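Results of the structural survey
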Amino acid sequence: FLFFARRFLLQVEQEEVDAGPSEARRSILLGEAVRERRIALGLSQAELATRAGIAKQTLARVETASTVPTIPILGLISVALQADLIIEFAPYKTQ
């Protein structure tokens, strides 16, 4: 999937393993993308959580990949980050 932000793009690279990309790896990359965008906007976790209408603990768990966020939570975070959230299915890279 892709997570787009204004003038910011992180493409989650797919690991080439039999079962496809691991859930943990996707969570880590997603958390890093949220954190990088938050910092780029000069926001603290508390400020972003307030803007998104979610608990600061929820945001912290997303950023540290301690949880797999739901699509509605990602939607709230993306609006607070002034970013588009785009999820798409792409075939695994083959060699």
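Scoring rules and cut-offs
- Along each chain, numbering runs from 1 in the same order as the chain's sequence is written.
- Note on the predicted model: pLDDT of at least 70 is required for a residue's local features to be given, and 80 or more for side-chain atom pairs to be given and counted; whole-chain, interface and lining totals, by contrast, use all residues.
- In computing side-chain properties, one takes all heavy atoms of the structure into account and sets aside hydrogens as well as water.
- Joining through side-chain atoms within 4.5 Å is the link that ties buried Ala, Val, Leu, Ile, Met, Phe, Trp, Tyr and Cys residues into a set, and such a set is a nonpolar core.
- Working definition: with a 1.4 Å probe on protein chains only, accessible area under 20% of the residue-type maximum means buried, over 50% means exposed, and in between means partly exposed.
- A run of DSSP states H or I qualifies as a helix once it reaches four residues; a run of E qualifies as a strand once it reaches two. Both are numbered from the N-terminal end.
- Residue contacts follow a heavy-atom distance rule, with two residues in contact if any of their heavy atoms lie within 4.5 Å.
- Each axis is a line fitted through C-alpha atoms, and for a helix only the stretch in contact is used; angles between axes span 0 to 180 degrees, taken between their N-to-C directions.
- For this classification, under 35 degrees means roughly parallel, over 145 means roughly antiparallel, 65 to 115 means roughly perpendicular, and everything else is oblique.
- As a working rule, the residues Ala, Val, Leu, Ile, Met, Phe, Trp, Tyr, Cys and Pro are called nonpolar, Asp, Glu, Lys and Arg charged, and the rest polar, with Gly in that last group.
- Helix span, expected: 1.5 Å multiplied by one less than the number of residues in the helix.
- The salt bridge criterion pairs a side-chain nitrogen of Lys or Arg with a carboxyl oxygen of Asp or Glu, the two atoms within 4 Å.

**Details of the nonpolar core**
Core analysis: the largest hydrophobic core is formed by 12 residues, namely Val34, Leu43, Leu48, Ala49, Ala52, Ile54, Leu59, Val62, Ile77, Ala80, Leu81 and Ala83. Of all the elements, helix α2 (residues 45-52) adds the most residues to this core, at three residues. When near neighbours in sequence (up to four residues on either side) are disregarded, Leu43 contacts Arg38, Leu48 and Arg51.

**Some remarks on the packing of helix α1 (residues 23-40) against helix α3 (residues 56-63)**
It is at 7 Å that the axes of α1 and α3 come closest, and there the two elements cross at 120 degrees. Here α1 lies oblique to α3, going by the angle between them. Residues Ser27, Gly31, Glu32, Val34, Arg35 and Arg38 of α1 touch α3, and the partners they reach there are Leu59, Val62 and Glu63. Looking at the contact of α1 with α3, its residues break down into three nonpolar, two polar and four charged.

**With respect to α1**
The end-to-end C-alpha distance of α1, which contains 18 residues, comes to 26 Å, matching closely the 26 Å that a straight helix rising 1.5 Å per residue would cover. Along α1, the residues classified as buried are Ser27, Leu29, Leu30, Gly31, Ala33, Val34, Arg37 and Arg38. At the exit of α1 stands Gly42, carrying a positive phi of roughly 75 degrees.

**Observations regarding the environment of Ala60**
In this fold, Ala60 is placed in helix α3. Overall, Ala60 belongs to the partly exposed group, its relative accessible area being 22%. Residues Ala60 and Ala46 lie 14 residues apart in sequence; the distance between their C-alpha atoms is 9.2 Å.

**A short note on the side chain of Ser27**
The residue Ser27 is located in helix α1 in this model. By relative accessible area, Ser27 is classed as buried at 8%. If sequence neighbours within four positions are ignored, Ser27 has contacts with Val62, Ala65, Thr67 and Val68.

**Comments concerning the pattern of salt bridges**
Inspection of the entire model under this criterion finds one salt bridge. Note that Arg38 is salt-bridged to Glu63, the shortest N-O span being 2.6 Å. With Arg38 in helix α1 and Glu63 in helix α3, the pair connects residues that are 25 residues apart, well separated along the chain. On the basis of relative accessibility, which here comes to 9%, the residue Glu63 falls in the buried class.

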